[in-house]
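Residue-level structural notes
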Amino acid sequence: MSLSHKHQCREIITKAICGKGRKFSTVTHTVTPPNGPTSILGAWIINHQYEAVSAGDGIEVIGTYDINIWYSYDKNSQTDVAKETVSYVEHVPLSYLDPKHRTSTVEVSADATQEPSCVEATVSAGGGSVIIRVEREFAVELVAETKVCVKVCTDGCGDYEDKDYDYGSADGDYDDLDPDLLDDEL
């Protein structure tokens, strides 16, 4: 019940984005190929797969990707490709969270705004392994049911049909304009 007949509010339950977060991270992996590498000829990441799960005050992105390293060995006389699958769990904190959302209706999602990519690959000091530096970034959302409050107009939405709106110019018409001076391209 409202105190006034003119102003009433209603609560509507709707699904909405109730939480958001973003996280950029740099991680280091060590891959040990079967042959001691002399130099790195290329390194790339493929087959990235991930899913999002709710985790306390944030969202966890759980995923895997394959690291492929093309390297030379035996004093740069042979080449090979080393492959390794890496698993990860990235905790993304929520920078915004609606405290009044219904926790039983939570759905989470993640989007890789920067897919994992190798930014540096070097042979380790001992020469037996390759150190890979990977950058990745995720944006996450938490969708849930929440309440929104709307104002209810008890006398209807107003009668706008009898209103006369003037969309013309206040200083007259445009009959005196020279059409050659108008720019046709917007």
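Throughout what follows, the structure given in this document is the object of discussion. Think of each chain on its own: its residues are numbered from 1, step by step along the sequence as written. Only residues with pLDDT of 70 or above have their local features reported here, since the model is predicted, and side-chain atom pairs are shown and tallied only from 80 upward, although totals for entire chains, interfaces and linings are computed over all residues. Note: side-chain values were computed over all heavy atoms of the structure, leaving out hydrogens and water.

With respect to the overall build of the protein
Elements are defined by DSSP. Helices are runs of H or I of four residues or more, strands are runs of E of two residues or more, and each kind is numbered from the N terminus. Summing up its helical and strand segments, the protein has 0 helices and 7 strands in all. Here's how the labels work: a residue is buried when its accessible area is under 20% of the maximum for its type, exposed when over 50%, partly exposed in between, all with a 1.4 Å probe on protein chains only. Split into buried and exposed, the 186 residues of the protein put 27% on the buried side. Taking the intrachain contacts of the protein between residues at least 6 apart in sequence as the baseline, contacts between residues at least 24 apart amount to 76%. For accessible areas, the Shrake-Rupley method is used with a probe of radius 1.4 Å. Any residue's cover is judged against the shown protein chains and nothing else. Total accessible area on the protein is roughly 13,000 Å²; 49% of this is exposed by carbon and sulfur atoms. Working rule for contacts: check all heavy atoms of both residues, and any pair within 4.5 Å makes them a contact.

Regarding the pattern of salt bridges
By convention in these notes, a salt bridge is any Lys or Arg side-chain nitrogen within 4 Å of a carboxyl oxygen on Asp or Glu. The tally for this structure, following the rule as stated, stands at 7 salt bridges. Here E90 ties to R136 by a salt bridge, and the two come within 3.0 Å at their closest N and O atoms. Separated by 46 residues along the polypeptide, E90 in strand 4 (residues 78-93) and R136 in strand 7 (residues 130-153) bring together distant segments of the chain. For the pair E90 and R136, one class covers both residues: buried.

Thoughts on the nonpolar core
Counting residues in hydrophobic clusters, the biggest one holds 24 residues, and the most contacted among them are Y65, I67, I69 and I132. Listing elements by their share of this core, those giving two or more residues are strand 1 (7-31), strand 2 (37-55), strand 3 (58-73), strand 4 and strand 7. The residues touching I132, leaving out its near neighbours within four places in the chain, are V27, T28, H29, V31, A43, I67, I69, C118, E120 and A121. Nine residue types can take part in a nonpolar core, namely buried Ala, Val, Leu, Ile, Met, Phe, Trp, Tyr and Cys, and a core is a set of them joined through side-chain atoms within 4.5 Å.

Let's talk about the side chain of H29
As for its position among the elements, H29 is in strand 1. Engagement of the side chain of H29 in a polar contact is seen with the side chain of Y65, the distance being 2.7 Å. Aside from chain neighbours lying at most four places away, what touches H29 is Y65, I67, V86, V130, I131, I132 and V134. Under the rule applied, a polar contact is a pair of N or O atoms within 3.5 Å (in protein, one hydrogen donor and one hydrogen acceptor; residues adjacent in sequence only if both atoms are side-chain atoms).

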